[in-house]
Amino acid sequence: MFDSYLSKRRFQNFKSNKRAYWSLIIFCSLFFISLFSEIIANERPLLVKFQNNYYFPFINFYSEETFGGDFKTEAIYKDKEVQCLIISDGNSECWDYPKKVINEIESYPENSNKSWIIWAPIPYSYNTINDLERAAPSPPDQKHWLGTDDTSRDVLARILYGFRLSVFFAIVVTLISSIIGIAAGAIQGFFGGWIDLIFQRLIEVWGATPSLYIIIIVAAILQMNFWLLVLLLSLFSWTALVGVVRAEFLRARNFEYVRAARALGVSNFVIMYRHILPNAMVATITMLPFIITGSIGSLAALDFIGYGLPSSYPSLGELTLQAKNNLQAPWLGFSAFITFALMLSLLVFIFEGIRDAFDPRKIFK
Amino acid sequence: MSDTVLSVSNLSISFKNNSDSKTVLINSNFKIKRGTTLSLVGESGSGKSITSLALVSLLPLNASIVGSINFNGEELIGLSEIELQKIRGNKISFIFQEPMTSLNPLHTIEKQIGESLSFHQNLSGIEKTQKVIELLEKVKIPNAHTRLKDYPHQLSGGQKQRVMIAIALANKPDLLIADEPTTSLDVTIEKEIIDLLMEIKSTEKMSILFITHNLRIVKQISDYVCVMQNGKIIEQGSTQEIFESPKSNYTKKLLNSSPKGFRKNNSERISRILNVENLKVWFPIKRGFLRRTKGFIKAVDQISFDLMEEETLGIVGESGSGKTSLALAILKLINSEGSITFQNQNLQNLKSRNLLTFRKNAQIIFQDPYGSLSPKMNIEAIVGEGLDVHEKISKSKRKEMILQILNEVGLVEDMITRYPHEFSGGQRQRIAIARALILKPKLLILDEPTSALDVSVQSQVINLLKIIQNKYSLSYIFISHDIALIKSMCDKIIIMKDGIIVESGETKNLFSKPKKNYTKELIVSSNLK
């Protein structure tokens, strides 16, 4: 399907739409970067050299004992004492005068034993609670480029993780609901008659179910988590695709090439999969953007009203809620707004380009 | 007033699409004299319709027109839109191919005819209604005064085309442009419309520019003929000259491509391949709240016939006569009642799983080569699909068989990776034939296999069908509305109307001694006698 002339022409069409093409590049780069959020924003160091051994705290667990401390729990790298222990190769003076030891090592680097710590570019994770010299939320400064929220967590780190979560959530929901929706639409459209009639009525009833209440009820019974929310939203968003896919199948099942395939003795499933589905894909692809942006919106809305993911998740919706509750801290609102605007605009531009590229009548320069 | 109504000189038309421009008409010259008919003949894409639209500047915005169009001494190129509107529908009027879509379904025919009258002649009220009735009578719509409030869907196809003609005649045009006005109509209705146009031409003393690909009509209606190919007028002259002593090869080819004669009968055919008894395809009409069946549309009713091996059975009928339903019912693609016996096996009792042998032995070729090939599959996948279902063979053997069959239908090997949209109509029909033929069927149903093709391509496809019939000893059921074609292809003919057999028999007998009036009418209207 992808080696055909048609696909090549579509890709050319897409490329010739500069806005869509650049949006795709920017969006993919952003998403690719956000996939490595753990390296970019992390409260644990990326790499530690201690007594001539290398440690990777951002992936592995190391107890404080490893670095000459007392506790068997994980080393708290943010503590001055721990940092001192590491760069001084376990000097016991660190317990009492960590600042003094660090200053000595930093002012006489030639005397030191060459142990060091490499931090992530943003040395805070999305759930790191920082010690601030002032009341949270704190405005942007050198340490926190976009300020902190009302539980003194770094906003930039939360946006980075939140962007990844939103996009990932939208992709999973879209994938699940497309599979269910296309299968349901295909069966209804292809067989028609009673199957179609009954399924259509079921979908009408299903579509009329107030999904928000169901989510609220489930949230009250079960502990909400990522996959549960994916499941709940997929349950209600698959119906969006059924209509178009069903219409395409209803139309195509009487096409002569489908009849010809029947006359050849090809089985129903193969006809649906090989003959009709590829032609129904165009209609499906035009619907996908609505599902993707819709799921991002739903997630944000649920988080905003407090029935979405628990607040330990890096959620953009929760950031928006904080912005509403802390109008004296406009950096929260602006950060959330700009993130949403950028993410949704890029997606809309990309899908607009895709849709146009699939339109045979559209003429491109 | 001069004798010449329209004179076109050095007319060239090209379409600009962004950077590249495509020339669709090159340096055309022709004249139409008062009270005569000029026919533009050519295959699809030869520039006929573009020429006619250019006459009144109805081309899309990206077209550029060079040359001169002189109408009654007035130059039409370069006229403003307002001046053109005074000419369009007034001095030059149009009839289009599709009467179904040329009329607005939401307005009564009185309103649609009256629109032109009030626009160009400022008529209104009773005067206008009178004039509308007069026009409807002129185009021979029975009980014209009772039909004024009818909507287009209440008229038959032929009547709609008559209404279109009435609209065109409303302002007594000097020139009537008829763009394939009968192509979508049945032969008997076609004849009526042509007769009407000829009569109106002589009573109204107007000129007609007639656009068609049908040479039979050209011969009947026109005084002068222009033959077009690829945007050029390659030959023009009086109808007699063109038909009796054509100069260019293309014209000769066009003239020779219409089917002639009878099929040669080889030998006695004794073994029966297919027997159909009392076949019925009834579609229930369901009404009311409980959707109870109130009656039936009898698409096919009580049809019986035999088909011998290597025999060709023609099924003729107008649109809606049940030909295609019959074909689909024989192939068990739609439900039917009655018995279908294929190679001594009754198909009606078989479950779809047991139909596989039958599916291998009976294939169908559809009318529309654009619709019958899946646009997302390449030629190898399309042609090889039957093999995947019926034969368990290795990949190399599969490819070998596909290449062999493509060769057989006159396609070359490197086409195998291409997609249907890269092929012309004739090539696509060959692909469809290859797809059916690769299973080595015994029975091939041809459902109007050539009616979507141009005449010269049509004869090539027909020749191919004849060759493979002899080679593989195939039996054909040939469905068509083209009687000349049926006559040259078939041993036996069934004439269908409204789902029943009107008359059937050996081709020669049927043509020499038709018994029923309907058969006679069909033969007369297709000018075979």
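What counts as what
- Residues numbered from 1 in each chain as written.
- Chains lettered and ligands numbered in written order.
- Predicted model: local features only at pLDDT ≥ 70, side-chain atom pairs only at ≥ 80, totals over all residues.
- Heavy atoms only, no water.
- Helix = DSSP H or I, 4+ residues; strand = E, 2+ residues; numbered from the N terminus.
- Rg over C-alpha atoms; globule rule 2.2 N^0.38 Å.
- Buried < 20%, exposed > 50% of the residue type's maximum accessible area, 1.4 Å probe, protein only.
- Contact = heavy atoms within 4.5 Å.
- Areas by Shrake-Rupley, 256 points an atom, 1.4 Å probe, with all protein chains shown as cover.
- Pairing = 2+ DSSP bridges.
- Axes fitted to C-alpha atoms, helices over the stretch in contact; angles between N-to-C directions.
- Expected span 1.5 Å × (residues − 1).
- Buried area = accessible area lost by both parts, 1.4 Å probe.
- Salt bridge = Lys/Arg side-chain N within 4 Å of Asp/Glu carboxyl O.
- Core = buried A, V, L, I, M, F, W, Y, C linked by side-chain atoms within 4.5 Å.
- pLDDT = per-residue confidence, 0-100.
- Patch = residues over 30% accessible without salt bridge, like charges linked within 9 Å, V, L, I, M, F, W, Y side chains within 5 Å.
- Lys, Arg positive; Asp, Glu negative; His and termini not counted.
- Charge placed at Lys NZ, Arg CZ, Asp CG, Glu CD.
- Parallel < 35°, antiparallel > 145°, perpendicular 65-115°, else oblique.
- Left-handed = near helix turned anticlockwise from the far one by under 90°.
- Nonpolar A, V, L, I, M, F, W, Y, C, P; charged D, E, K, R; others polar.

(A) Focus on the overall build of chain A. The secondary structure content of chain A amounts to 14 helices and 3 strands. For a compact globule of 365 residues, the expected C-alpha radius of gyration is about 21 Å, and chain A comes in at 27 Å, more than 25% above that figure. Counting the 365 residues in chain A, one finds 46% classified as buried. Sequence separation of at least 24 residues holds for 64% of the intrachain contacts in chain A that already meet a minimum separation of 6. Roughly 19,100 Å² of accessible area belongs to chain A as shown, and the carbon and sulfur atoms make up 65% of that amount.

(B) Geometry of the overall build of chain B. For chain B, the helix and strand inventory stands at 19 helices and 20 strands. A compact globule built from 529 residues would reach a C-alpha radius of gyration of about 24 Å, and chain B, at 26 Å, matches this within 12%. On the principal axes, the C-alpha backbone points of chain B span a range of 75 × 55 × 50 Å. Every one of the 529 residues in chain B was classed for burial, and the buried ones make up 54%. Considering only contacts within chain B whose residues lie at least 6 apart along the sequence, 68% involve residues at least 24 apart. Accessible surface for chain B amounts to roughly 24,100 Å². Of this, 49% is attributable to carbon and sulfur atoms.

(C) Molecular detail of the sheet that holds strand E20 (residues 500-506) of chain B. All names here are of chain B. On the basis of which strands lie adjacent, the open sheet formed by 6 strands has the order E16-E17-E18-E13-E19-E20 and mixed pairing. Each end of this open sheet is capped by a strand with a single partner; those strands are strand E16 (362-365) and E20. Going across the sheet, the axis of each strand differs from the next one's by a mean of 15°, ignoring polarity. Bridging between strand E19 (residues 492-497) and E20 involves 6 bridges; their strand directions are antiparallel. Across the sheet, residue Ile 495 finds its bridge partner in E20, namely Glu 503.

(D) Representation of helix H9 (residues 226-237) of chain A within the structure. All names here are of chain A. Compared with an ideal rise of 1.5 Å per residue, which puts 12 residues at 16 Å, H9 spans 16 Å between its outermost C-alpha atoms and is within 8% of the ideal. In terms of residue burial, H9 counts as a mostly covered element, since 9 of its 12 residues are buried. Turning to H9, its buried residues number three or more, namely Phe 226, Leu 228, Leu 229, Val 230, Leu 232, Leu 233, Ser 234, Phe 236 and Ser 237. Buried residues along H9 sit in contact with helix H6 (155-191), helix H7 (193-208), helix H8 (211-221), helix H10 (239-252) and helix H12 (268-305).

(E) Focus on unusual backbone geometry. All names here are of chain B. Positive phi, normally seen in glycine, also occurs at Asn 278, with a value near 45°. Tracing the chain through its elements places Asn 278 in strand E11 (residues 272-287). The residue Asn 344 is not glycine, and still its phi comes out positive at about 65°.

(F) Structural detail: the interface of chain A and chain B. Taken residue by residue, the interface counts 24 residues in chain A and 28 residues in chain B. Counting the surface lost from both chain A and chain B, the interface buries some 2,200 Å², and carbon and sulfur atoms represent 59% of this. In terms of surface lost to chain B, no three residues of chain A exceed A:Glu256, A:Ala263 and A:Leu264, which account for 31% of the buried area on that side. Run the count over chain A and chain B and you get 2 salt bridges. The salt bridge involving A:Arg274 is made with B:Glu385; its shortest N-O contact spans 3.1 Å. At the level of elements, helix H1 (5-16), helix H11 (256-264) and H12 of chain A are the ones that each hand at least two residues to the side of chain A that touches chain B. No other element matches H11(A), which puts 8 residues into the side of chain A that touches chain B.

(G) Spatial organisation of the nonpolar core. Formed by 71 residues in total, the largest nonpolar core has its most connected members in A:Phe249, B:Val383, B:Ile433 and B:Ile468. For this core, the leading source of residues is helix H16 (residues 455-472) of chain B, giving 7 residues. Look past the residues within four positions of B:Ile468 in its chain and what remains in contact with it is B:Ile433, B:Leu437, B:Ser473, B:Leu474 and B:Tyr476. Counting residues in hydrophobic clusters, the runner-up holds 37 residues, among them B:Ile340, B:Ala362, B:Ile479 and B:Met496.

(H) Main features of the confidence of the model for chain B. On average, residues of chain B carry a pLDDT of 85, and 97% of them reach 70 or more. Here helix H3 (residues 99-102) of chain B stands out as the least confident element of chain B, with mean pLDDT 77; strand E17 (residues 443-447) of chain B is the most confident, with 91.

(I) Fine view of the pattern of salt bridges. Tallying each qualifying case throughout the model produces 31 salt bridges over all chains. Note that B:Asp388 is salt-bridged to A:Arg274, the shortest N-O span being 3.9 Å. Of this pair, B:Asp388 sits in helix H13 (residues 379-390) while A:Arg274 sits in helix H12, which puts the two residues in different chains. Since its relative accessible area comes to 35%, B:Asp388 is described here as partly exposed. Take A:Arg274: its relative accessible area is 28%, and that puts it in the partly exposed class. One salt bridge connects B:Arg88 with B:Glu81, and the closest N-O pair in it is separated by 3.3 Å. Residue class for B:Arg88 comes out buried when judged on its relative accessible area of 16%. Overall, B:Glu81 belongs to the partly exposed group, its relative accessible area being 46%. Each of the salt bridges in this network shares a partner with another, and the network as a whole consists of A:Arg274, B:Glu380, B:Glu385, B:Asp388 and B:Arg398.

(J) Here's a closer look at a negative patch on the surface. Side chains of A:Asp79, A:Asp131, A:Glu133 and A:Asp141 sit close together on the surface and give a patch of like negative charge. Note on placement: A:Asp141 falls in the loop between strand E3 (116-118) and H6.

(K) Broad picture of a nonpolar patch on the surface. Residue and element names in this part refer to chain A. On the surface, Trp 22, Ile 25, Ile 26, Leu 30 and Leu 342 cluster together into a nonpolar patch covering about 430 Å² of accessible area. With 4 residues, helix H2 (residues 18-35) is the single largest residue contributor to the nonpolar patch. You can see Ile 25 is positioned in helix H2.

(L) Seen up close, helix H7 (residues 187-204) of chain B. Residue and element names in this part refer to chain B. Here H7 is 18 residues long and its end C-alpha atoms lie 25 Å apart, about the 26 Å a rise of 1.5 Å per residue gives. For H7, the complete set of buried residues consists of Val 187, Thr 188, Glu 190, Ile 193, Ile 194, Leu 196, Leu 197, Ile 200 and Lys 201. Directly beyond the C-terminal end of H7, a positive phi value near 55° is found at Lys 205.

(M) Structural detail: the side chain of B:Ser325. Residue and element names in this part refer to chain B. Of note, Ser 325 is situated in helix H11 (residues 323-330). By relative accessible area, which is 17% here, Ser 325 ends up buried. Setting aside residues no more than four positions away along its own chain, Ser 325 makes contact with Val 281, Phe 283, Ala 299, Val 300 and Ile 334.

(N) Here's a closer look at the packing of H13(B) against helix H14 (residues 395-408) of chain B. Residue and element names in this part refer to chain B. Running from N to C, H13 and H14 cross one another at 115°; their axes reach a closest spacing of 10 Å. One way to sum up the angle between H13 and H14 is to call them roughly perpendicular. The two elements H13 and H14 cross, and the hand of that crossing is right-handed. From H13, Ile 379, Glu 380, Ala 381, Val 383, Gly 384, Glu 385, Leu 387 and Asp 388 reach across to H14, where they touch Arg 398, Lys 399, Met 401, Ile 402, Ile 405 and Leu 406. Residues that form the contact of H13 with H14 fall into these classes: 8 nonpolar, 1 polar and 5 charged.

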